[in-house]
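Observations on chain architecture
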Amino acid sequence: MSLIVQKYGGTSVGSVERIKNVAQRIAKWRRAGHRMVIVPSAMSGETNRLIALAKDIQPVPDPRELDVVASTGEQVTIGLLAMALKQLGLQAKSYTGHQVRVLTDSAFNKARIIEIEERRIRADLEAGTIVLVAGFQGQDELGNITTLGRGGSDTSAVALAAALRAEECLIYTDVDGVYTTDPRIVPEARRLKSVTFEEMLELSSLGSKVLQIRSVEFAGKYRVRLRVLSSMSEADQPLAVEAASGTLITYEEDTNMEQAVISGIAFSRDEAKITLTRVPDRPGIAYQILGPIAEANIDVDMIIQNTSVDGTTDFSFTVHRNEYAKAMDVLGSKVKNHVAAQALVGDPKICKVSVVGIGMRSHVGIASLTFRTLSEEGINIQMISTSEIKISVVVEDKYMELAVRALHKAFGLEQGAA
Ligand code: ADP
Ligand code: ASP
Ligand code: MG
């Protein structure tokens, strides 16, 4: 029978009751004859608790030691879930990332998976054992424990599905699929039966945390069949119903794709904007500003630069809010005087709202409707960036929810509107 990888998020394994419930669900699949690899997250709130403990001791935690601490949440859930499965009379065995050997690079706190050893998992699966692999964690070449960044167990699951050439990777979470926007912000949001891989990539990279961006990248690269579905439904619902529920991520070669112009609105509160004003405009300026930022390992998102008639330019860019202080430091100490900027101005109270849809390729007027909607709400746009299938705007963060709701409505994304 087929090999299925299932990932269960924090809320789905958030209590002993829920863990027992997940075990029932896995048992149903196993008893139907499937070979099962299960990737649980830590119990909800646990990773936050562990990181807070670390910060209580060291305000900026040592990255290596932070991973030693933060990775432990998943070790608890694999063990508990294995026990719950054994209670149901099934064979189950848990493995940490280190035991499997999920090999990653050494970028602590945001490591990338390089390779997954299959040997142990394959042997267990052959013996009919359900294999539980701790999500979010790996090991670098020197044996150091690494973690994959917040939300990283999605990536563990998809990478395992790719390595094991699984039939399907099922991401069980506390919503029943991918919605037109976060249903916590817009209760009228509608579940998508399917979403193209490209749209999902944009939605994830622009802030929809339902799937970690790297898991979507992996899925695309290895063409993993990926579905997001609910772990809150009845565990004993018929398997065929469950298998067809939620949201399927589709690829170009799939037929019958749902083809809406706009598929969703994403948003991110984790942004900060930095501007160097009146920088003399000459070749090499962008490099002199962003080179030291890259050397400090800070990711830059949007960049805007426009030379004014007087030969100077305001150079603005955005970074993750967590890296704002570090970026301001680098610019203040190494860059501002060097490039003869008039001032260094920062704003950590911004957010990014994005309209995503593959139909933008063939439809005009999406940008103008976006701008009109925001203007009617009196929301000032600070930055704009576009790609073939998305339009992103930076606005003051107090307007974020208003902007998301207004755009969701303007593009007719609510339930019953289609
Ligand atoms: P898990 O712990 O299962 O990994 P997450 O909290 O990481 O769950 O992701 C699920 C959450 O993602 C949902 O509860 C929802 O609030 C949020 N979310 C954000 N954008 C979307 C979206 N477009 N569709 C569905 N959920 C979304
Ligand atoms: N437990 C980790 C986190 O909270 C990984 C995950 O949930 O995917 O970020
Ligand atoms: Mg998650």
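Preceding this paragraph is the structure being described.
Note that residues are indexed from 1 along each chain, following the sequence as it is written. All chains are assigned letters beginning at A, and all ligands numbers beginning at 1, according to the order in which they are written. Per-residue local features are limited, in this predicted model, to residues with pLDDT of at least 70; the limit for side-chain atom pairs, both in listing and counting, is 80 or more; totals at the level of whole chains, interfaces and linings are taken over all residues. By convention in this description, side-chain values take in all heavy atoms of the structure and omit both hydrogens and water.

1. With respect to the pairing of strand β11 (residues 226-230)
Burial runs high along β11: 5 of the 5 residues are buried. Partly exposed describes any residue whose relative accessible area lies between the buried limit of under 20% and the exposed limit of over 50%, with all areas from a 1.4 Å probe on protein chains only and scaled to the type maximum. A helix here means a DSSP run of H or I that spans at least four residues, while a strand means a run of E at least two residues long, and both kinds are numbered starting from the N terminus. Where burial is concerned, the two faces of β11 agree: the one with L226, V228 and S230 and the one with R227 and L229 are both buried. Inspection of the sheet shows strand β9 (residues 168-173) paired to β11 by 5 bridges, in the parallel sense. Residue pairing across strands places T173 opposite S230, the latter belonging to β11. The pairing of β11 with strand β12 (residues 247-250) spans 3 bridges and is antiparallel. Bridging from a neighbouring strand, R227 pairs with L248 of β12. Two strands make a pair as long as DSSP finds a minimum of two bridges between them.

2. A word on helix α6 (residues 119-126)
Taken together, the buried positions of α6 are I121, D124 and L125. In an axial view of α6, the angular spread of the buried residues amounts to 100°, which keeps them on one side of the axis. Among the exposed residues of α6, those pointing more than 90 degrees away from its buried face are R119 and E126. Contact definition: two residues touch when any of their heavy atoms are within 4.5 Å. Taken together, the buried residues of α6 touch β1 (3-8), β2 (35-40), β3 (92-95), α5 (97-100), β6 (130-133) and α7 (153-163). In the segment just after α6, G128 is the residue with positive phi, at about 80°. The arc refers to the directions leading from the helix axis to the C-beta atoms.

3. Regarding the packing of aromatic side chains
Note on aromatic pairs: each is described by the distance of the centres and the angle between the planes. The pairing test for Phe, Tyr and Trp rings, Trp by its six-membered ring, is centres within 6.5 Å, and the orientation test on the planes gives stacked under 30 degrees, edge-to-face over 60, and tilted for anything in between. Counted by the stated rule, this structure contains 4 aromatic pairs. Taken together, a centroid distance of 5.7 Å and an interplanar angle of 35° make the contact between F197 and Y251 tilted. With F197 in helix α8 (residues 197-205) and Y251 in the loop between β12 and β13 (264-280), this residue pair connects regions lying 54 residues apart in the sequence. Classification of F197 by relative accessible area gives buried; the value is 17%. Aromatic pair F315 and F317: ring centres 6.3 Å apart, planes at 70°, arrangement edge-to-face.

4. Brief notes about the sheet that holds strand β15 (residues 312-320)
Pairing is antiparallel across the open sheet formed by 6 strands, whose spatial order is β14-β15-β13-β16-β18-β17. Either end of the sheet is taken by a strand with one partner, and the two such strands are β14 (300-307) and β17 (383-387). Looking at each pair of strands side by side, their axes are set apart by 25° on average, direction ignored. Judged from the 5 bridges that link them, β17 and strand β18 (residues 390-396) form a sheet pairing that is antiparallel. By the bridge assignment, S387 is partnered in β18 with K390. Think of each axis as a best-fit line through the C-alpha atoms, taken over the contacting stretch in the case of a helix, with angles from 0 to 180 degrees between the N-to-C directions.

5. Concerning the site of ligand 2
Near ligand 2, the surroundings consist of S41, A42, T47, E74, F136, R150, G151, G152 and S153. Between ligand 2 and E74 there is a distance of 2.7 Å, counted from a nitrogen atom to a side-chain nitrogen or oxygen. Between ligand 2 and the protein, one listed contact pairs an oxygen atom with a side-chain N or O atom of R150 at 2.7 Å. Relative to its unbound accessible area of 260 Å², ligand 2 is 87% covered by the protein chains. Near residues are defined by distance, with any heavy atom within 4 Å of the molecule or strand qualifying the residue. The term polar contact refers here to a pair of N or O atoms within 3.5 Å; inside protein, the definition further demands a hydrogen-donor-capable atom paired with an acceptor-capable atom, and it admits residues adjacent in sequence only when both atoms are side-chain atoms. Under the convention used here, a 1.4 Å probe and the Shrake-Rupley method define accessible areas, while residue burial counts only the protein chains that appear.

6. A few points about the packing of helix α13 (residues 366-376) against helix α14 (residues 400-410)
When two helices pack together, you describe them by how their axes are tilted relative to each other and by the distance separating the axes. For the pair α13 and α14, the least separation of the axes is 10 Å and the interaxial angle reads 130°. If you check the angle between α13 and α14, you find them oblique. Our pair here, α13 against α14, has a crossing hand that is right-handed. Together, L369, T370, T373 and L374 of α13 and A403, A406, L407 and A410 of α14 make up the contact between the two elements. The nonpolar class holds Ala, Val, Leu, Ile, Met, Phe, Trp, Tyr, Cys and Pro. Asp, Glu, Lys and Arg form the charged class, and all remaining residues, Gly among them, are polar. Here the contact of α13 with α14 is built from residues that sort into 6 nonpolar, 2 polar and no charged. Should an angle lie under 35 degrees it is considered roughly parallel, over 145 roughly antiparallel, and from 65 to 115 roughly perpendicular; all remaining angles are considered oblique. For any pair of crossing helices, the crossing counts as left-handed if the nearer helix is rotated counterclockwise from the farther one by less than a right angle, and right-handed if it is rotated clockwise.

7. Concerning a nonpolar patch on the surface
Only residues above 30% relative accessible area that lack a salt bridge enter a patch, with like-charged residues linked at up to 9 Å and the nonpolar side chains Val, Leu, Ile, Met, Phe, Trp and Tyr linked at up to 5 Å. Only one rule defines a salt bridge in this text: a Lys or Arg side-chain nitrogen within 4 Å of an Asp or Glu carboxyl oxygen. A cluster of nonpolar side chains, V68, V69 and I145, forms an exposed patch at the surface whose accessible area comes to about 170 Å². On the secondary structure map, I145 appears in strand β8 (residues 145-147). With relative accessibility at 32%, the residue I145 sits in the partly exposed group.

8. Thoughts on the pattern of salt bridges
As enumerated under the stated definition, the model contains 24 salt bridges in all. With its nearest N and O atoms 3.8 Å apart, the salt bridge here joins E118 to R165. With a gap of 47 residues between them, E118 in the loop between β5 (113-116) and α6 and R165 in the loop between α7 and β9 connect regions that are remote in the sequence. Each of R25, K28 and E242 takes part in a single network of salt bridges with overlapping partners.

9. Description of the sheet that holds β2
Reading across the sheet, the 8 strands line up as β3-β6-β2-β1-β9-β11-β12-β10 and stay open at both edges, with mixed pairing between neighbours. On the outer flanks of this sheet lie β3 and β10 (194-196), each paired with one strand and no other. Between one strand axis and the next, the sheet turns through 20° on average, direction left out of account. Examined bridge by bridge, β3 and β6 share 4 bridges and lie parallel to one another. Residue pairing in the sheet places Y95 in a bridge with V133 of β6. Packed on one face of the sheet, helix α4 (residues 72-87) meets β2, β3 and β6 and runs near 175° to β3.

10. Re the environment of L369
Tracing the chain through its elements places L369 in helix α13. Excluding residues that lie within four positions of it along the chain, L369 makes contacts with A410 and F411.

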